[in-house]
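Coordinates in review
Below are the chains, spelled out letter by letter.
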Amino acid sequence: MLANRYEPSAEILDWTTYKRTKIAKGRLVSRKGLVAEIGEVGAALISLRLPDAEEGAGMGDALTWEFTHPLHYLLSDGAVGGVIGPVANRLGGAKAKLGKRELAFAANEGDNLLHSGAKSSLYRFWNLKVVDGGILCELELPHRADGFPGRRMMTAHYSFNEAGDALQLKLSMTTTRPTLVNMTHHPYWNLGGGEALSGHLLEVPATGVVKLDENQIPTGEIGDWSTLGANFSQPTTLDLSKKAFDAHLILSEEREFNVRLTYPRLGRSLTIESDKPGVQMYTRAGGTLPAPAGSEEAGAVEGLPEAVCLEPQLHPDAPNHEDFPSIELKPRETYEHSIVYRFSW
């Protein structure tokens, strides 16, 4: 890892202009030369790069997928880099129990609801400003604007730690009516400078795996590592030529971290820490992302590497399973979720 030699900073910059409207992004520089950029659309982490010994802060390899235009985040699928809310993951039958009521939503994945649908926080413009040395993203969701009750205020605060080797993300939400919340973050990680995931090792201190039906909806049962068809209790190779993943892992209460991803050849590692008891593991093959429909300006994104998403959160489809942790939020309560991405290189 390079010595401490960079001046930490946080600023709001112009990202681009689309149809005469300026779209902003935040930029953070850490003491060790990591550079993060956060876009208005979805409060997405649009870039996270290592320093380069000769070129400077943020001039080394990208650690996550990067898109060049806001429309890729606004119109493309995959939830790339975004803050997902109010409810991440799937709700079976696009329904959810809330007290004595049953909420119904517009399905967006077969008969189910994924990541709160087309009107979730992913596809909205957040307000960005510099607060406490970081980038504060704010979004107000009107009552029923996305199918969920309550006028809700969401925040996402990105900052680097004092040492400069960790990106910190603090999520929060309040509501004026009883509602549901299970927020997470959805970067696509590749620590190898775009090399295959097979060069990575993954370790998850999990005690269980949520069993799913043929539509990826929880059955309510919890299995062991055999449910996943792989065991990541010790550092284990990720090889998409053998198996892809889209699964929810339940973590040990005594854990020191949620997930650790390493790339031994280059001596790089990512350790994810969170105060939530589960993590969604999702792999994607990469390749080409087509241009958003009707937008020649944005264009296609080519050469995306294989990547893995590691999303700390509560159990999927929780409102429909009495034994799963509740995701209900009441007025005068504040939902909070702290995520730390700690790097070594």
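The coordinates are above.
Criteria and thresholds
- Residues numbered from 1 in each chain as written.
- Predicted model: local features only at pLDDT ≥ 70, side-chain atom pairs only at ≥ 80, totals over all residues.
- Heavy atoms only, no water.
- Helix = DSSP H or I, 4+ residues; strand = E, 2+ residues; numbered from the N terminus.
- Rg over C-alpha atoms; globule rule 2.2 N^0.38 Å.
- Buried < 20%, exposed > 50% of the residue type's maximum accessible area, 1.4 Å probe, protein only.
- Contact = heavy atoms within 4.5 Å.
- Areas by Shrake-Rupley, 256 points an atom, 1.4 Å probe, with all protein chains shown as cover.
- Pairing = 2+ DSSP bridges.
- Axes fitted to C-alpha atoms, helices over the stretch in contact; angles between N-to-C directions.
- Core = buried A, V, L, I, M, F, W, Y, C linked by side-chain atoms within 4.5 Å.
- Salt bridge = Lys/Arg side-chain N within 4 Å of Asp/Glu carboxyl O.

Let us look at the overall build of the protein chain. Of regular secondary structure, the protein chain possesses 2 helices and 28 strands. Rg of the C-alpha trace for the protein chain: 19 Å, near the compact-globule value of 20 Å for 345 residues, within the 12% margin. Along the first, second and third principal axes, the C-alpha atoms of the protein chain reach 60 × 50 × 40 Å. Classification of the 345 residues of the protein chain by burial places 54% in the buried group. Contacts in the protein chain between residues at least 24 apart in sequence constitute 65% of all its contacts with a sequence separation of at least 6. Total accessible area on the protein chain stands at roughly 14,800 Å², and carbon and sulfur atoms take up 45% of it.

Take the sheet that holds strand β1 (residues 9-18) next. The sheet built from 4 strands is open, its strands ordered β1-β2-β3-β4 with antiparallel pairing. On the outer flanks of this sheet lie β1 and β4 (45-49), each paired with one strand and no other. When the angles between neighbouring strand axes are averaged without regard to direction, this sheet yields 20°. Of the pairings in the sheet, the one linking strand β2 (residues 21-29) to strand β3 (residues 35-39) comprises 5 bridges and is antiparallel in character. Each bridged residue has a counterpart across the sheet, and for K25 the counterpart in β3 is G39.

Here we come to the sheet that holds strand β16 (residues 201-203). Paired through their backbone hydrogen bonds, the strands of a sheet run either parallel or antiparallel. With antiparallel pairing, the 9 strands of this open sheet are ordered in space as β10-β11-β12-β13-β28-β22-β21-β16-β19. In the strand order of this sheet, the two ends are held by β10 (127-131) and β19 (236-237), each with one partner. Relative to strand β28 (residues 335-344), strand β13 (residues 166-175) runs antiparallel, the two being bridged by 8 bridges. Across the sheet, the residue bridging to L171 is H337, located in β28.

On to the pairing of strand β21 (residues 259-263). Within a regular strand, the side chains alternate between the two sheet faces. With 4 of its 5 residues buried, β21 lies for the most part within the structure. Bridge count between β16 and β21: 3 bridges; the pairing is antiparallel. By the bridge assignment for β21, L201 is matched with T262. Note: β21 against strand β22 (residues 268-274), 5 bridges, orientation antiparallel. Pairing of L261 across the sheet is with L270, part of β22.

Judged by nonpolar contacts, the single largest core of 57 residues is most densely connected at W189 and V204. Apart from residues no more than four positions distant in its own chain, V204 is found in contact with W225, F232, S233, L249, L251, N258, V259 and V279. In terms of nonpolar packing, the next biggest core, distinct from the first, is built from 16 residues, F105, L113, L180 and F324 among them.

Let's shift gears to the pattern of salt bridges. Should the charged atoms of two oppositely charged side chains come close, the side chains can pair. Across all of its chains, the model carries 13 salt bridges by this definition. Between R152 and D146 there is a salt bridge, and its shortest N-O distance comes to 2.9 Å. For the pair R152 and D146, one class covers both residues: buried. The network of salt bridges with common partners includes K25, R27 and E37.

Turning our eyes to something else, we now look at the environment of P290. Secondary-structure assignment places P290 in the loop between β24 (287-289) and β25 (301-304). Residue P290 is classed as exposed on the basis of its relative accessible area of 55%. With 185 residues separating them in the primary sequence, P290 and F105 have C-alpha atoms 28 Å apart.

This is a description of form; function is not addressed.
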